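Each chain, letter by letter, is given below.
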Amino acid sequence: MGGRLEIPEGLRWTERVPAGRAWLAALPDRVAECVDGWGLRLSGPPFPSAFASLALPVELPDRTRAVLKLQYPDADSTHEATALSHWAGDGAVRLLGHDPGRRALLVERCAPGTPLHALPPDEALDVVAGLLPRLWQPAGTPFTPLAEEAAGWIEQMPADWERAGRPYERRLLDAALGRLAELIGTQGEQVLVNQDLHAGNVLRATREPWLVIDPKPLAGEREFGAVAIVRGQELGHSPAAVRHRLGRLAAELGLDAERVRGWAIGHTLAWSVAEDAVFGHQIETARWLAELG
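### Re the overall build of the chain
Per the secondary structure count, the chain includes ten helices and nine strands. For the chain, the C-alpha radius of gyration of 19 Å lies close to 19 Å, the compact-globule estimate for 293 residues. Overall, the C-alpha framework of the chain stretches about 55 × 40 × 35 Å when taken along its three principal axes. Taken over 293 residues, the chain has a buried fraction of 52%.

So this is what it looks like as structure tokens:
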């Protein structure tokens, strides 16, 4: 495959870090190798909403439409293919191929692919409340335990806060650290949970009405599994909207609302600072959640 690959705007952050530039430089060859190895035909430009992978529409040799994903090599998506295999198409897209060496996945394409946030918020929450229990299957190895991941957040968050110029108040950081420390060792049954199941990662499909894409899996308690929807801004970014999502999902799914809130404060703040960016909307959400107590 010759020439330059089109890089979606959401992936431009990779140009600003050395590891990202190295990944971008290797992408054309990796795409070409996957196309040849799986006998694919590229059928359009990359999907524009990608943030942590290059996702390309392709056709299989039998003309089945699929998506070729080349993952940015971060730890959060290491076991994405394993999670999709675990679900085996039940509420999530099917895994059609996996090349671990190239961090490449071939997955079912959702058609028409409309994101869940196109629905009114309460209709979208109806969908989420139906999907989550199907996804919460018993899980252990090789998925990273939530306890281990959260211990990493506790260790990293103060350093990230300092490096980013202390972008929020110390008491919010202390509240998040304290909540995580309380929650880690008191979890319920360990199931397959998804750190990034927000309303942009659930798409309208034909095999099922809605399918989950792009999981960032962990093994943890069910309360953590509701966090991404609670914190996500796609279904409304306001204190009232966050409070409504938290209350509704906790009530309908039989979750401990205080544990959901505690995980949401910690996870939202942990994800509010990246290598070269501070996400103000995440900080706002964590602050609103902390003020609910």
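### With respect to the packing of helix α4 (residues 146-163) against helix α5 (residues 170-184)
Between α4 and α5, the shortest axis-to-axis distance is 10 Å and the interhelical angle comes to 165°. One way to sum up the angle between α4 and α5 is to call them roughly antiparallel. As for the relative orientation of α4 and α5, their crossing is left-handed in sense. Here α4 contributes A147, A150, A151, W153, I154, M157, P158 and W161 to the contact with α5, which in turn contributes R170, L173, A176, L177, L180, A181 and I184.

### Some details on the packing of aromatic side chains
Applying the stated criterion to the full structure yields six aromatic pairs. Here W23 and Y72 contribute two aromatic rings whose centre-to-centre distance is 5.5 Å and whose plane-to-plane angle is 85°, an arrangement assigned as edge-to-face. You can see W23 sitting in helix α1 (residues 18-38) and its partner Y72 sitting in the loop between β3 (65-71) and α2 (80-87), a full 49 residues away along the chain. Y72 matches W23 in its accessibility class, with the two residues each being buried. Ring geometry for W161 and Y168: centres 6.4 Å apart, planes at 45°, overall tilted. Here the two residues W161 and Y168 agree in accessibility, since each one is buried. Ring pairs connect the aromatic residues W13, W23, F51 and Y72, which therefore count as one cluster.

The rules behind the values
Residues numbered from 1 in each chain as written. Predicted model: local features only at pLDDT ≥ 70, side-chain atom pairs only at ≥ 80, totals over all residues. Heavy atoms only, no water. Helix = DSSP H or I, 4+ residues; strand = E, 2+ residues; numbered from the N terminus. Rg over C-alpha atoms; globule rule 2.2 N^0.38 Å. Buried < 20%, exposed > 50% of the residue type's maximum accessible area, 1.4 Å probe, protein only. Axes fitted to C-alpha atoms, helices over the stretch in contact; angles between N-to-C directions. Parallel < 35°, antiparallel > 145°, perpendicular 65-115°, else oblique. Left-handed = near helix turned anticlockwise from the far one by under 90°. Contact = heavy atoms within 4.5 Å. Phe/Tyr/Trp six-rings, centres within 6.5 Å; stacked < 30°, edge-to-face > 60°.

Remember that the coordinates give geometry; whether it matters functionally is a separate question.
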